[in-house]
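# Architecture at a glance
One-letter residues, chain by chain:
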Amino acid sequence: MLGLNKKDTALFLIVIALTILAPFILNPFPTNSAMAQFNAGYPDLMQRFVIFGIFAIGFNILFGLTGYLSFGHAAFLGVGSYAAVWMFKLFTYNVIPAIVVAVILAGLFSLLIGYISLRRSGIYFSILTLAFAQMSFALAYSVLSNPKFNLTNGETGLQVYGDDPQIFHGAGLPNLPHLFGWSMRGNNQMSFGAWDFNFNTGYYVCAVCMILAFYIAIRIFRSPFGMMLRAVKSNQTRMTYTGLNSRPYALAAFVISGMYAGLAGGLMAAVDPLAGAERMQWTASGEVVLMTILGGAGTLIGPILGAGFIKYFENIFSKINDAVLHSWFSFLPDGLEDVVVALIYPFVGKGWHLTLGMLFMLVVIFLPGGLVEGGQRIGRFTFRRRDAKGSDAERDAANQRNPAE
Amino acid sequence: MGILEVKNVNKRFGGLQALGDVNLSVEENSVHAIIGPNGAGKSTLLNCLIGKLIPDTGSVMFDGQSVLGRKPYEINQMGISRVFQTPEIFGDLTVLENMMIPIFATRDGAFRMHAIEKTENEKDIIGQAEQMLENLNLAEQRHTKAASMSRGNKRRLEIGMCLAQNPRLLLLDEPTAGMARADTNNTIDLLKQISDERDITIAIIEHDMHVVFSLAERITVLAQGTPLVEDTPDKIKGHPKVREAYLGESA
């Protein structure tokens, strides 16, 4: 289907199904039950899942295929966000032009940074990208927000004010980002008995973008271009002595992943019309590296899994405070309850980074291919058992047939 | 006038004169071996030919054009392919993909971004690559990762990848170093077959005299950065200067 082979089509359909049905899948617990705090099916978090999914898919095209580890991708995310908010301020709250301009500007910005950074490889490339991203952060945070020339609005963050021109903003349109009149905040809540499910316009706009982004990523992975990118990662010496200059390939991958980051940034502004400089900080760049490695660098679905995993931890685990823990373990005798809570407390709530860090260590040590490799191992384990049974059955059948002949 | 003309090439690393006034002429469609003891400057000379090093003085002409000042991938595009001492292949890619890349590269000549679409052209390239692997006896392993093959097969693949570009000059840097005897003989046979079947010039740097004497039509002996003698294999075998350079005997 759509120029994909059977296996990729299956993977693509699974991703489509998961994103479309996410409001159900992420809300497995009844709203008023004790487990409801593990529900992730609220619009804000679902949007973050797919937006960071896009960011990580794009990062993986650079890191997973060419092996160039960029530590500055958050800069492109930030550029995308600022571009989108400026489109809201100057022209219209419609998200389509904002997203398109965000992608284009992030692409141009990554062309500039990539052209310079790709003169070096390995750790020097990483440091160069990190330096550029931190420079962009500093520019956005202070330099470009003076009263004479206020591009980024500094600490406050860029947002839309009542006296902004918005020259194409018609009457009757929502006073918030919208898709041809449908507000991005529009939310339909559907109740089934004790369950509530949220269907949010912003989420579905982001989801469609992610499905498209994922499709393009599959095509790139399976194309001759993708093969050349893997060749860049595998052996640049042989590439050179095959008459190929590896730099244009690496630069193309860099710009493509920069545009993915711009798309993610534009969508962030589209669901919440605000852009702050902290989006460009190095911690944000590091986060996407973690997502990609945790999920499985160089795999198609890995980055999405990694993004979902980290965002789930960040938003759900961090909410478990000591009061919640005490309520869980209240069945224990008083002294024991305090001990158990004291043991678990450092790993939840504000300490969720500790749990995430340990998980990351475990994955890197035992599953170098990330969560995807974990899934494959489980799959192989179950299938092997089934195959063993299957071949037994075939052998039995063969044995039965032979005497008859 | 040979296809490769090296004239008065000097190369110095700090106080060490690695190459001193090297003159070398390689005849078109011949097999030319360069031998010499360790530290004679063989690899330095080779690196000067492919643009990895730039000589301090002198000229290197390939087919009437200077190679100096060109980037390694541009020199490759002129028709010079190189086989390395340790096989340089795309270890993470399958054997078939390894074979496809040089064919892609040659089709387009200079750099062109390869299409995202799967085209008819690509099917053609896959067919051609499979044919090459068939000739190299690697067809059975075409879907395995190149890194997991034996040393001898990696070497075959590397030579095949170089040939897929239809080079005019093939440079080999100790192609049988660290190989088992059987693999060495296979490689010799492969190279013989190549030089018989194709219009190709082969320049080979080798330590193993068995390889040199079974392949070369002309031999240059290098010692301490300067060519000692250049002659046919038969004459080289008994040459007193060569014995001296190799064995340190006083003649």
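Note that this is a predicted model, so its numbers are computed, not measured.

What counts and how
Residues numbered from 1 in each chain as written. Chains lettered and ligands numbered in written order. Predicted model: local features only at pLDDT ≥ 70, side-chain atom pairs only at ≥ 80, totals over all residues. Helix = DSSP H or I, 4+ residues; strand = E, 2+ residues; numbered from the N terminus. Rg over C-alpha atoms; globule rule 2.2 N^0.38 Å. Buried ≥ 20, exposed ≤ 12 C-beta atoms within 10 Å, placed from the backbone. Contact = placed C-beta atoms within 7 Å. Core = buried A, V, L, I, M, F, W, Y, C linked by C-beta atoms within 7 Å. Nonpolar A, V, L, I, M, F, W, Y, C, P; charged D, E, K, R; others polar. Pairing = 2+ DSSP bridges. Axes fitted to C-alpha atoms, helices over the stretch in contact; angles between N-to-C directions. Parallel < 35°, antiparallel > 145°, perpendicular 65-115°, else oblique. pLDDT = per-residue confidence, 0-100.

Looking only at helices and strands, chain B features 9 helices and 10 strands. Against the compact-globule benchmark of 18 Å for 251 residues, chain B has a radius of gyration of 19 Å, which places it among compact chains. Structurally, chain B occupies a C-alpha span of about 65 × 40 × 30 Å along its principal axes. Within chain B, the fraction of its 251 residues that count as buried is 42%. A fraction of 67% describes how many contacts in chain B between residues 6 or more apart in sequence connect residues 24 or more apart.

Here we take up the overall build of chain A. Summing up its helical and strand segments, chain A has 16 helices and 6 strands in all. Every one of the 405 residues in chain A was classed for burial, and the buried ones make up 43%. In chain A, the share of contacts with a sequence separation of at least 24, taken over all contacts with a separation of at least 6, comes to 74%.

Moving on, we get to the nonpolar core. With 175 residues, the main nonpolar core has Ile54, Phe55, Leu263 and Ala264 of chain A as its most contacted residues. Beyond its immediate stretch of four places on either side in the chain, phenylalanine 55 of chain A contacts Leu77, Tyr260, Ala261, Ala264 and Val288 of chain A.

Between chain B and chain A, the residue contacts involve 26 residues of the former and 23 residues of the latter. Sorting the residues of the side of chain B that touches chain A by element identifies α2 (72-77), β6 (80-83) and α3 (95-107) of chain B as the ones contributing at least two each. Class assignment for the residues of the side of chain B that touches chain A results in 14 nonpolar, 6 polar and 6 charged.

Before going further, it helps to examine the pairing of strand β5 (residues 195-200) of chain A. On any regular strand, side chains alternate: one points to one face of the sheet, the next to the other face. All names here are of chain A. Looking at chain direction, strand β4 (residues 187-192) and β5 are connected through 6 bridges and run antiparallel. What sits directly across from methionine 190, in β5, is phenylalanine 197. Counted between consecutive antiparallel strands, the loop separating β4 from β5 contains 2 residues, among which glycine 193 sits at a positive phi close to 55°.

Residues and elements named next belong to chain B. With mixed pairing, 6 strands are arranged side by side in an open sheet as β6-β7-β8-β3-β9-β10. The open sheet has two edge strands, β6 and β10 (226-231), and neither has a second partner. Averaged over all adjacent pairs, the angle separating strand axes in this sheet is 20°, with direction ignored. In the sheet, strand β7 (residues 169-173) pairs with strand β8 (residues 201-205) via 5 bridges, with the strands oriented parallel. Residue aspartate 173 lies in a different strand from β8, and its bridge partner there is isoleucine 205. Here helix α1 (residues 42-49) sits on the sheet in contact with β3 (31-35), β7, β8 and β9 (218-223), set at roughly 145° to β7.

Residues and elements named next belong to chain A. Where helix α3 (residues 43-66) contacts helix α10 (residues 246-271), the axes come no closer than 8 Å and their chain directions differ by 170°. Comparing their axes, α10 and α3 come out roughly antiparallel. Every residue of α10 that contacts α3 at Gln47, Ile51, Phe52, Ile54, Phe55, Ile57, Gly58, Phe59, Ile61, Leu62, Leu65 and Thr66 is listed here: Ala250, Ala253, Phe254, Ile256, Ser257, Tyr260, Ala261, Leu263, Ala264, Leu267, Met268 and Val271. Here the residues of the contact of α3 with α10 are counted per class, giving 20 nonpolar, 4 polar and no charged.

Moving on, we get to unusual backbone geometry. Residue and element names in this part refer to chain B. Of note in this structure, asparagine 8 is not a glycine but carries a positive phi near 50°. On the secondary structure map, asparagine 8 appears in strand β1 (residues 4-13). Positive phi, close to 50°, is recorded for asparagine 166, a residue that is not glycine. Examined against the element boundaries, asparagine 166 turns out to sit in the loop between α5 (151-163) and β7. A residue is classified by how many C-beta atoms lie within 10 Å of it, and asparagine 166, with 14 of them, is partly exposed.

Residue and element names in this part refer to chain A. Along the polypeptide, leucine 176 turns up in the loop between β1 (158-159) and β2 (178-179). For leucine 176 and valine 160, which are 16 residues apart along the polypeptide, the C-alpha to C-alpha distance reads 9.3 Å. Ignoring any residue separated from it by four or fewer positions in sequence, one finds leucine 176 in contact with Tyr93, Ser183, Met184, Arg185 and Pro273.

So, on to the pairing of β6 of chain B. Residues and elements named next belong to chain B. Residues of β6 alternate between two faces, with Ile80 and Arg82 on one and Ser81 and Val83 on the opposite face, all of them buried. One ladder, built from 4 bridges, connects β6 with β7; its direction is parallel. Looking at β7, one finds that valine 83 is bridged to leucine 172.

Our focus in this paragraph is the packing of helix α4 (residues 74-90) of chain A against helix α6 (residues 122-143) of chain A. Residues and elements named next belong to chain A. At their nearest, the axes of α4 and α6 sit 8 Å apart, and the two run at 35° to each other. Across from Ala74, Ala75 and Gly78 in α4, the residues of α6 making contact are Phe132, Ala133, Ser136 and Ala140. When its residues are assigned to classes, the contact of α4 with α6 shows 5 nonpolar, 2 polar and no charged.

Glancing now at the sheet that holds strand β2 (residues 16-26) of chain B. Strand pairing in a sheet relies on backbone hydrogen bonds. The paired strands run either parallel or antiparallel. Residue and element names in this part refer to chain B. Strand order across the open sheet formed by 4 strands is β2-β1-β4-β5, with antiparallel pairing between neighbours. The sheet is open, and its two edges are formed by β2 and β5 (65-66), each paired on a single side. Together, β1, β2 and β4 (57-62) form the strand contacts of α1, whose direction differs from that of β2 by roughly 65°.

The subject of this paragraph is the confidence of the model for chain B. Where the model shows low pLDDT, its predicted coordinates should not be examined in detail. Here chain B averages 85 in pLDDT, and 92% of its residues register 70 or above. Both scores are available for the predicted complex, with the pTM at 0.89 and the ipTM at 0.87.

A separate point is the environment of isoleucine 216 of chain A. Among the secondary structure elements, isoleucine 216 of chain A is positioned in helix α7 (residues 201-222). C-alpha of isoleucine 216 of chain A to C-alpha of glycine 58 of chain A: the two residues are 158 residues apart in sequence and 9.9 Å apart in space.

All names here are of chain A. Summary statistics for chain A give a mean pLDDT of 88 and a share of 95% for residues scoring 70 or more. Averaged pLDDT values for the elements of chain A fall to 66 in helix α16 (residues 370-404) and rise to 96 in helix α5 (residues 95-117). Low pLDDT (under 50) marks residues 393-405, which in the prediction has 0 contacts with non-local residues, meaning those over four places away or in another chain.

In this section: the environment of glycine 258 of chain A. Residue and element names in this part refer to chain A. Note that glycine 258 resides in helix α10. Taking the C-alpha atoms as reference points, glycine 258 and leucine 158, separated by 100 residues in sequence, lie 21 Å from one another. In this structure, glycine 258 is in contact with Phe76, Ala106, Gly107, Phe109, Ser110 and Gly114, ignoring residues within four places of it in sequence.

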